[in-house]
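Residues per chain are reported as follows:
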Amino acid sequence: MTDEASTASDAAAPRERPSGLSKNETLVWTAMAAADGPLKAYEILDTLKGQGVRAPMTVYRALDGLEAKGIIHKLEGLNAFLLCNHEGPHSVQTFLVCERCSRVEELEAVSVETEIAPALKASAFKMRTARLEIKGACMDCAA
Ligand SMILES: [Zn+2]
Ligand SMILES: [Zn+2]
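Analysis parameters
- Residues numbered from 1 in each chain as written.
- Chains lettered and ligands numbered in written order.
- Predicted model: local features only at pLDDT ≥ 70, side-chain atom pairs only at ≥ 80, totals over all residues.
- Pairing = 2+ DSSP bridges.
- Helix = DSSP H or I, 4+ residues; strand = E, 2+ residues; numbered from the N terminus.
- Expected span 1.5 Å × (residues − 1).
- Buried ≥ 20, exposed ≤ 12 C-beta atoms within 10 Å, placed from the backbone.
- Arc of directions from axis to C-beta.
- Contact = placed C-beta atoms within 7 Å.

Draft legend 1. Broad picture of the pairing of strand 4 (residues 104–107). The pairing of strand 3 (residues 92–98) with strand 4 spans four bridges and is classified as antiparallel. Counterpart to Leu96 in the pairing with strand 4 is Glu105. Linking two consecutive strands that pair antiparallel, namely strand 3 and strand 4, is a turn of five residues; a positive phi of about 65° is found at Ser102 within it.

Next up, the structure:
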């Protein structure tokens, strides 16, 4: 961890583009980094139309690639995608989803992983990924 990483929690801080992305993954990543919340695939496609991306399949493939690299997460409940705010890929993902303004925040919840690990071991189940979408009201909406 570097000193710059200490500002990573600041939502206004510019994100550093990950290396090793394909051209289309870079376009999708840039569109997502400019948005201040989760985006649906068709919203990303709309944003990229001016840059010559017209096929939905192009966007879906890029999203699959970014998800496989652990750079973005898919929010099943919202059918949308969010940039990961962690330092590296992680299999257990926890999100706070506001049901009023649709704001989504990724939560650092290491204890969730710690809690399910023994149960997984007992059932001999090989986990690939787990997503927890915690629904409710964000700080602004609850006030
Ligand atoms: Zn993440
Ligand atoms: Zn809200």
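Draft legend 2. Quick peek at helix 3 (residues 56–68). Along its 13 residues, helix 3 runs 18 Å from first to last C-alpha, staying within 8% of the 18 Å computed at 1.5 Å per residue. Along helix 3, the residues that are buried comprise Val59, Ala62, Leu63 and Leu66. Projected down its long axis, helix 3 shows its buried positions confined to an angular sector of 100°, all on one face. Opposite the packed face of helix 3, turned more than 90 degrees from it, sit the exposed residues Met57 and Ala68. Among the structural elements, helix 1 (23–34), helix 2 (41–48), strand 1 (72–75) and strand 2 (80–83) are those in contact with the buried residues of helix 3. Gly70, located one to two residues past helix 3, shows a positive phi value of around 80°.

Draft legend 3. Representation of the environment of Trp29. By secondary structure assignment, the location of Trp29 is in helix 1. On the neighbour-count criterion, Trp29 (23 C-beta atoms within 10 Å) is buried. For the pair formed by Trp29 and Glu115, sequence separation is 86 residues and the distance between their alpha carbons is 32 Å. In this structure Trp29 touches Arg17, Leu21, Leu66 and Ile71, once residues within four positions along its chain are discounted.

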